[in-house]
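What follows is the residue order along each chain.
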Amino acid sequence: MKLLKFIVQRKILVGLLCLFVILVGSYAVLDLNKELMPVIEMDGAYIEINAGELPASEVERSITTPLEQKLQGHDGIEEILSTTTVGRASFQLQFEQGKGEEMYREVESIVNTTATEIPSIKDVESGQFGSNQTYEFFMDVSGGDMGTITTFAKEVLEPRLEDLAEVRDVSLTGLTEHEITIEFDRDEMTKEGLDSTQIINAIQQANDEATLGELSEENGSPLLRWNTKLENVEDVQSIMIPVQSGFIQLEDVAKVSISPIENSSFVWKNGSKDLIFIQIGRVSDVTQIEMAEAVRAEVKKIREEGLIDGFHLTEMVAQADYVQEAIDGVTGNILIGAVLAIAILLLFLRNVRATIIVGLSIPTSVLLTFTAMWIFGYSLNMLTLIGLGLGIGMMVDSSIVILESIYRKKELGLTKLDAVLQGVKEVASAVIASMLTTVVVFLPVGMLGGEMGQFMIALSIVVAITLISSVVISFTLIPSLSEKFLQLRSGKREKKEGTILKGYSGAVDWVVKKKRHSLAVISLFILILAGSLTLITKIPMTIMPDVFNRYAELMVDLETGITIDDKENVVQEITNTLRNIKDVESSYVMDNGGMLYTIINMTKGDDITREQQEINEEIFKSLRALEENHPIESVQSAMTGGGGYPVQVNITGEEFENLQTLSADLIEDLNEIEGIVGVNSSMDRTSTEQLISLKEQEIEKAGLTSFQIKQIIEQAFLGMPIGEMTVDGESVPLTVKWTESTDTKASLLDLKVPTVDGEKTLSTFIELNTVESPNEISHIDGERSISISADIEGRDLGAINRDVQKAIDAFDTPAGYSTSVAGDLEQQQELIKEMLFILGIALFLVYLVMAVQFNHLFHPIIVMSVIPMTIVGVILGLFLTQRELSLMSGMGIVMLIGIVLNNAILLVDRTNQLRREGENLDKALVQAGKDRIRPIFMTTLTTAGGMLPLALASGTSGNYQAPMATAIISGLLFATLITLFLIPAVYRLFTRREAIIVNTERIDQVPIDVQPTPNTTNQ
């Protein structure tokens, strides 16, 4: 009380502190980084090992298994997933929570050491998983001569963008690049007695540059340089090759030419390859928006200088636009929510001054929140702004309760200062307890694992900061302004109970009059709860909602071994299919080997005629229809919350044959599940190999060795770069090959092999045997596995999850083999378990806070009886709107635990106060309801009103915030109506009817939460 009196009497101090918060908060808003999602480093890493052309089985034996054995011996590595393909081994590692950076350094050291020990490893790339993208701004140069646009991209655009302080790297793809090809004539070489190794050595010696020494006695000690670098095709043709009769020129035994590199471009724009694809990455200390502004400003200068002439420079995708759109959308919703909350206050209070006082608490609390975010290093992103948006409605709750209490005291005739002190004192403990119950539910969120957990922690902290800021403002600014600025309405007239209040009083009086009435009310609510649970399976479920930003990224997996022409045809089919889909504006297809990465831009603004969800569904349906007649394995989204295929089942075991049999059986079962499409197995991807079998006796008879035979075969497939030279400022590779390629079994077996008895065909010494080899071998923690993957269509992930789990449970696996869900299914199941555990911990913490508040073990249970009814409201809200039950809406349910208890706390706290004054149980319950119905409705409607724009939101962030806001609003509104009847019923049923007799001498010493208050029934 002394502190509160000091605050009220030092209004200048409070005013100056609020001004300080406004100044610092305004600066914080401008200074906070703006990004789509918070930057996080995940507890996982990836390793990519290149092993040339080694078969998958050999890569598994010599690289994958040895490295797995080394990694498995380290504590801190929870899971190792590996995929071995032809010439490549890929690893995904999951570390213990919080050990990501430490474990990655250890793994990196192990991998680098292994790379030096295994000669077949050509290259290693590794990194720690994180939310940062390598490139975030994409453009293309097209519509002109490829030579011209290549020169522009390399000599103008790339250097000027890389000179910007905000840009880290500019990557150009699709440049017209050249190579000098040297095609050996096998017959001419045979005549001259040459082999390919001799000629290659001669070319490399001729194309040489080196420092040979230093003339130390000369002035300046000049270096002695040797430079015979080749500069043009003529230089290459005139290289001298030593033969038995002297020297000949290279052109005598080879054809030399310069030409564009075949398929140097692997990007198609709307089906055309005549473009250059530009990717731009930012430095770590600038935001996506800052980089985009800098790049656009520089591009504008380039245009103004007239350097873009005869071609087009077009923006493809800028992540900054989605960041800005998301921030603008959520900011707009926050402002609308604040206006709605103030309008609701004015409607209930019907006092402009009271509304202004509470209204001032909103911007002050918001700016105090921004200040705290700035101090703690948070950024303005979609999650933190959603947290702020959710807090807007709740941040006036404590101010409303305190102001309403002060207002009633003034109506009772207390002096201005006494009205403030007594009004705050009466509700202080209830306000603090309400805030604590809302905040403590977020403490267990830290137990949520993985990157999803880190995202939710950021959201939770912002909501907690918002609520704490609002309580600080409500105990400082509200009392200071209320003493003199808050005035009663002029004119005194007798207060009468309204129709609603009379009806409510009568209903509560009936509920508490007899125990059987209370029991009947409770039983009715239990039946409602049981009935609502039957609707759960009809609510769509997913892990994280999609971001609808008029943009999509797809991965189109191709069949193994398709030709370049086949790939071109697939790209054209994809382009034509997308072109025929309404509201698809443009498409880009990038060739990533066995997968085509596709970026789709959709119409924006006034050109929009369809919702993105509808467009997405048509895109998937149309592209998957191509799988039947084209070499396409599957089509999946690259932007899903879980990543990869939504349906994934792993079968682990040792023998490939058994794994294949089991996978075939399980695929049949999965194909019968409605909504599952594009089922495929990693073991389906096999390729044909020709295994060389040596005829040892024939080799020995001809006086040859197996090594010589191997050399002859290797030389037959000659086609490799042997150096590079600079031609007109361009670095051009030198490539050697034969004039006639060896590309069939017949051409290989007909190769001539010189022996002491004359030339013989290669078929004399070898034979070829056809074998099937797996293209992909998967391991889970070192054990072989088959991955069965599928996509979903027409049903949500939750419904599919239940059916897939039933199929797995019914599937019979022999000893030594096991079947389990993976991918999105596994992640969803883990999240459900974690969320239920978090819910349980949150309930206990809420009970703990209220047990301390009421100093009673049973009263908190009375308050918490409203929680099951909250679930009813959530289920009904999500069912009627068909919003998805996801991690975001799950967080809304956790938040609801704290929010819905506020009203119950107000009722129970007031009931206890009245009983301490001597009221019997029935009258105390009725009077408490009449005293608290106005603040209960006000806080509920302002919270719901503040969140309503989020629930109705569309656009980039709408799909994220709408399910959460819908869950909170529906749960809160339903729970509020139920609270007004359920709490009196439960309190009546489980509490003695006698009044709590309190010694009069002790009343003045009662703690804040039990301060007696005059009986007011008409507010």
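Scroll up to find the structure this text is about.
This report concerns the structure included in the present document. Predicted model, so just to flag it, every value in this text is computed and none were measured.

**A few points about the packing of helix H11 (residues 352–376) against helix H13 (residues 397–411)**
Where H11 contacts H13, the axes come no closer than 9 Å and their chain directions differ by 150 degrees. The pairing of H11 with H13 is recorded here as roughly antiparallel in orientation. Considering how the two elements wind past one another, H11 and H13 form a crossing that is right-handed. Here Ala354, Ile357, Val358 and Ser361 of H11 lie close against H13, whose contacting residues are Ser399, Ile400 and Leu403.

**Overview of the pattern of salt bridges**
Applying the stated criterion across every chain yields a total of 25 salt bridges. Lysine 70 serves as the salt-bridge partner of glutamate 117, at 2.6 Å between the closest nitrogen and oxygen. Remark: lysine 70 occurs in helix H3 (residues 56–72) and glutamate 117 occurs in helix H4 (residues 100–117); sequence separation between them is 47 residues. Salt-bridge contacts for arginine 225 lead to glutamate 209; the nearest nitrogen and oxygen are separated by 2.8 Å. Highlighted residues: arginine 225 in strand S9 (residues 223–227) and glutamate 209 in strand S8 (residues 209–214), separated in sequence by 16 residues. For glutamate 209, a relative accessible area of 42% puts it in the partly exposed group.

**Things to note about the nonpolar core**
Ranked by size, the top nonpolar core spans 181 residues in total, and within it Met139, Ile278, Ile280, Val295 and Leu901 carry the most contacts. Top element by residues in this core is helix H29 (residues 887–916). It accounts for 16 residues. Beyond its immediate stretch of four places on either side in the chain, leucine 901 contacts Val846, Met850, Val863, Met864, Val866 and Ile867. Residues Ala202, Leu250, Ala254 and Val256 belong to the second largest nonpolar core, which totals 28 residues.

**Notes on the sheet that holds strand S19 (residues 632–637)**
The strand order across the open sheet formed by 5 strands is S13-S17-S18-S16-S19, and the pairing between neighbours is antiparallel. Two strands bound the open sheet, and with one partner strand each, they are strand S13 (267–269) and S19. Strand-to-strand twist in this sheet, taken as the mean axis angle between neighbours without regard to direction, amounts to 20 degrees. As paired strands, strand S17 (residues 584–591) and strand S18 (residues 595–602) are joined by 7 bridges and run antiparallel to one another. By the bridge assignment, serine 586 is partnered in S18 with asparagine 601.

**Notes on the packing of aromatic side chains**
Any pair of aromatic rings gets described here by the distance separating the centres and the angle formed by the planes. Evaluation of the coordinates by the stated rule reveals 5 aromatic pairs. Between phenylalanine 138 and phenylalanine 277, the ring centres sit 6.0 Å apart and the planes meet at 5 degrees, which makes this aromatic pair stacked. One end of the pair, phenylalanine 138, is in strand S5 (residues 137–142); the other, phenylalanine 277, is in strand S14 (residues 275–282), with 139 residues separating them in the sequence. Accessibility expressed as a relative area gives 9% for phenylalanine 138, which makes it buried. Ring plane angle 50 degrees and centroid distance 4.9 Å describe the contact between phenylalanine 152 and phenylalanine 311, whose orientation is recorded as tilted. Separated by 159 residues along the polypeptide, phenylalanine 152 in helix H5 (residues 146–162) and phenylalanine 311 in the loop between helix H9 (288–304) and strand S15 (312–318) bring together distant segments of the chain. In this pair, the class of phenylalanine 152 matches that of phenylalanine 311, namely buried. Lying across the ring of tyrosine 135, arginine 168 places its NZ or CZ 5.8 Å from the centre. Positioned over the ring face of phenylalanine 485 is arginine 353, at 4.8 Å from the centre of the ring.

Cut-off values and rules
Each chain carries its own residue numbering, running from 1 in the written order of its sequence. This being a predicted model, a pLDDT of at least 70 is required before a residue's local features are given, and a value of 80 or more before pairs of side-chain atoms are given or counted; all residues contribute to the totals for chains, interfaces and linings. Calculation of side-chain values draws on the structure's entire complement of heavy atoms; hydrogens and water are dropped beforehand. To get an axis, fit a line to the C-alpha atoms, keeping to the stretch in contact for a helix; angles then go from 0 to 180 degrees between the N-to-C directions. Only runs of H or I of at least four residues qualify as helices and only runs of E of at least two qualify as strands under DSSP, and these elements are numbered from the N terminus. Roughly parallel means an angle under 35 degrees; roughly antiparallel, over 145; roughly perpendicular, 65 to 115; everything else is oblique. Two helices that cross are described as forming a left-handed crossing if the nearer one is turned anticlockwise from the farther one by less than a right angle, and a right-handed crossing if clockwise. Whether two residues touch is decided by their heavy atoms; if any such pair falls within 4.5 Å, the residues are in contact. What counts as a salt bridge is simple: a side-chain nitrogen of Lys or Arg found within 4 Å of a carboxyl oxygen of Asp or Glu. Per-residue accessibility, obtained with a 1.4 Å probe over protein chains only, is compared with the maximum for each type, and a residue is labelled buried under 20%, exposed over 50%, and partly exposed between these values. Buried residues of nine kinds, namely Ala, Val, Leu, Ile, Met, Phe, Trp, Tyr and Cys, make up a nonpolar core once their side-chain atoms join them within 4.5 Å. Two strands qualify as a pair provided DSSP detects at least 2 bridges between them. Centre distance within 6.5 Å is the pairing criterion for rings of Phe, Tyr and Trp, where only the six-membered ring of Trp is used; planes under 30 degrees apart are then read as stacked, over 60 as edge-to-face, and the remainder as tilted. Only Lys NZ and Arg CZ are tested; either one counts as a charge over a ring when it is within 6 Å of the ring centre and within 35 degrees of the ring normal.

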